[in-house]
Amino acid sequence: MEETAEIVEAPIELRNFKRSSTTLYWHEVSAAVHTANLRQTLSLKDKRRDKFGSKIDIDQDMRDNIYGVLGEMALAKMKNIYFDFSVDTFKAADLGKMIQIKTVGGNTNKDLVVRPANDDKLFFALVEVKKTPDWNYQAIYHGGIWGYEAKKHDEWKTDFGYPDRPVCWKVPMEALTKPYLAIPF
C-alpha cells in the first residue's frame, strides 16, 4: 500500500506567526505566580501524585509550575490570544483549541517532551523562559510539532535514564517547525 504525503496546516492561531519572543514584566510574573500557586495547592488538596514518576521536591515542583504558566502567558502575549489562567484543565489545550504549551527553563532539559497520554491531535509548542538581569523574564518560542508526528519517532523515545519512569518522546530542537513558518508545518 502506497503512503501519501499528508499536508498538515498549523493551528489557525499560529499561522503567519511573526513574533517569536517577548518579555514578561513584574505584574505578569505576579499573575503567573498566583495561577501556579492555585494549581499547586489544588493538587496538594486533592493529593495528586506526579503521573510520570518524578521524584522532585515541592520547591522544584512549584518552580516548574511557575515556569509553565509563564510559558503559556508568553505565547498568548506573542500571538495576542486571550489567556484564561485555567486551573485543573489537564488534558485541554492551553491556548485556542489545539495548542499545548511545553515550557523549558526551570529545569535542565531544553527539548520538547511529548508523553504517551498527550493528545495526538494537539500541536505542542516549545517556549523557553529565562530570567533577565533586570528581573524580568524573556520568553522565546522555538517552534512545535503535532502530537501524532512526535510519536512516530522511536529514536526520540527516552526515560531520561530513570528506568522506573514512563518512556516519552524527547523531540530535538531541530525537528520542531520554525516559528516563522506558516503552512505546511
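Structure first, text after, so check above.
First, a word on scope: everything that follows refers to the structure included in this document. What you are looking at is a predicted structure, and each value in this text was computed from that prediction instead of being measured.

In this section: the overall build of the chain. When you go through the chain residue by residue, the secondary structure sums to three helices and seven strands. Tracing the chain from N to C terminus, the helices and strands come up as β-α-α-β-β-β-β-α-β-β. Accessible area for the chain stands at about 11000 Å²; split by element, carbon and sulfur atoms hold 54% of it.

Time to look at the pattern of salt bridges. Any two side chains of opposite charge can pair, on the condition that their charged atoms come close. Tallied over the full model, the rule gives six salt bridges. Note that glutamate 72 and arginine 39 form a salt bridge whose closest N and O atoms lie 3.0 Å from each other. Taken together, the positions of glutamate 72 in helix H2 (residues 58–79) and arginine 39 in helix H1 (residues 26–45) put the pair 33 residues apart, joining distant regions of the chain. A relative accessible area of 15% places arginine 39 in the buried class. Note that glutamate 149 is salt-bridged to lysine 152, the shortest N-O span being 3.3 Å.

Attention now moves to the pairing of strand S4 (residues 123–131). Most of S4 is tucked away, with seven of its nine residues classed as buried. In this sheet, S4 lies alongside strand S2 (residues 99–104) in parallel orientation, the contact comprising six bridges. Looking at the pairing, lysine 102 lines up with leucine 126 of S4. Connecting S4 to the antiparallel partner strand S5 (residues 137–146) that follows it, the hairpin turn spans five residues, and tryptophan 135 within it adopts a positive phi of roughly 70°.

Bridge count between strand S3 (residues 112–114) and strand S7 (residues 168–171): three bridges; the pairing is antiparallel. Counted as the bridge partner of valine 113 is lysine 170 from S7. Where strand S6 (residues 157–158) lies against S7, two bridges are found, and the strand directions are antiparallel. Within S7, the position partnered with lysine 157 by the bridge is tryptophan 169.

Another point: the nonpolar core. If you look at the biggest cluster of nonpolar residues, it comprises 26 residues, and the most contacted ones within it are Leu70, Leu75 and Val127. With ten residues, the top contributor of residues to this core is H2.

Because each turn of an α-helix spans 3.6 residues, side chains separated by three or four positions end up pointing in the same direction. Between the first and last C-alpha of H1 there are 28 Å, a value that for 20 residues agrees with the 28 Å anticipated at 1.5 Å per step. Of all the residues in H1, the buried ones are Glu28, Val29, Ala32, Thr35, Ala36, Arg39, Gln40 and Ser43. With its buried residues spanning 135° around the axis, H1 presents them on a single face. The exposed residues of H1 that point more than 90 degrees off its buried face are Trp26, His34 and Lys45. Residue lysine 47 follows H1 closely and has a positive phi angle near 55°.

Rules used throughout
- Within every chain, residues take consecutive numbers counted from 1 along the sequence as written.
- Per-residue local features are limited, in this predicted model, to residues with pLDDT of at least 70; the limit for side-chain atom pairs, both in listing and counting, is 80 or more; totals at the level of whole chains, interfaces and linings are taken over all residues.
- Hydrogen atoms and water are omitted, and side-chain values are computed over all heavy atoms in the structure.
- What counts as a helix is a DSSP run of H or I of at least four residues, what counts as a strand is a run of E of at least two, and both are numbered from the N terminus.
- The accessible surface values rely on the Shrake-Rupley method and a 1.4 Å probe; as for residues, cover is taken only from the protein chains in view.
- A side-chain nitrogen of Lys or Arg and a carboxyl oxygen of Asp or Glu constitute a salt bridge if their distance falls within 4 Å.
- Exposure is judged per residue with a 1.4 Å probe applied to protein chains only, and the accessible area is read against the type maximum: over 50% gives exposed, under 20% gives buried, and values in between give partly exposed.
- A pair of strands is treated as paired once DSSP finds two or more bridges between them.
- Grouping buried Ala, Val, Leu, Ile, Met, Phe, Trp, Tyr and Cys residues that are joined through side-chain atoms within 4.5 Å yields what is termed a nonpolar core.
- Helix span, as expected, comes to 1.5 Å for every residue beyond the first.
- Think of it as the arc spanned by the lines of direction from the helix axis to the C-beta atoms.

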